[in-house]
Amino acid sequence: MEFREQSFAAALEVASECETATVVHAWIPGGPGYVVHAWAEVDEAVYDLTESNQPFAKADYYARFGVQESRIWRYDRVTFFTLVAEHGSFGPFEPALQPLTCAQEPPLASTASTD
């Protein structure tokens, strides 16, 4: 399974600039199975600086990249920066986002995701 490390730094950049940003970490379809990816959301806009410097409409982004609500973890800005300090990295933070073999399905997000 692929890990898009640069997307985690890009999400941090957006969160650093916008006080209302929510950082999202997720499994999305890609490669031979799924990839771990990150982006930031502000209201109904998605900011994925690895794809564009312009925002995407959330519904369009989710459809384009096959994003499934059951495979995402959201962090409000304060929680995200707290986790960055605790982990010494930009993520992923959830054990369920650790790399898998191609034959494995990624786990679903728990209902305890932080909003």
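Residues numbered from 1 in each chain as written. Predicted model: local features only at pLDDT ≥ 70, side-chain atom pairs only at ≥ 80, totals over all residues. Heavy atoms only, no water.

Moving on to the overall build of the protein. Within the protein one finds three helices and six strands. The linear arrangement of helices and strands in the protein, starting from the amino end, is β-α-β-β-β-β-α-β-α. Sorting the 115 residues of the protein into buried and exposed places 44% on the buried side. Sequence-distant contacts in the protein: of pairs separated by 6 or more residues, those separated by 24 or more amount to 60%. With the model as given, the accessible surface of the protein reaches about 6000 Å², and the carbon-plus-sulfur share is 51%. (Helix = DSSP H or I, 4+ residues; strand = E, 2+ residues; numbered from the N terminus. Buried < 20%, exposed > 50% of the residue type's maximum accessible area, 1.4 Å probe, protein only. Contact = heavy atoms within 4.5 Å. Areas by Shrake-Rupley, 256 points an atom, 1.4 Å probe, with all protein chains shown as cover.)

Let's shift gears to the environment of Thr 82. Within the element layout of this structure, Thr 82 appears in helix α3 (residues 77–87). On the basis of relative accessibility, which here comes to 38%, the residue Thr 82 falls in the partly exposed class. Of the polar contacts made by the side chain of Thr 82, one reaches the backbone oxygen of Val 78; its length is 2.8 Å. (Polar contact = N/O pair within 3.5 Å; in protein donor to acceptor, adjacent residues only side chain to side chain.)

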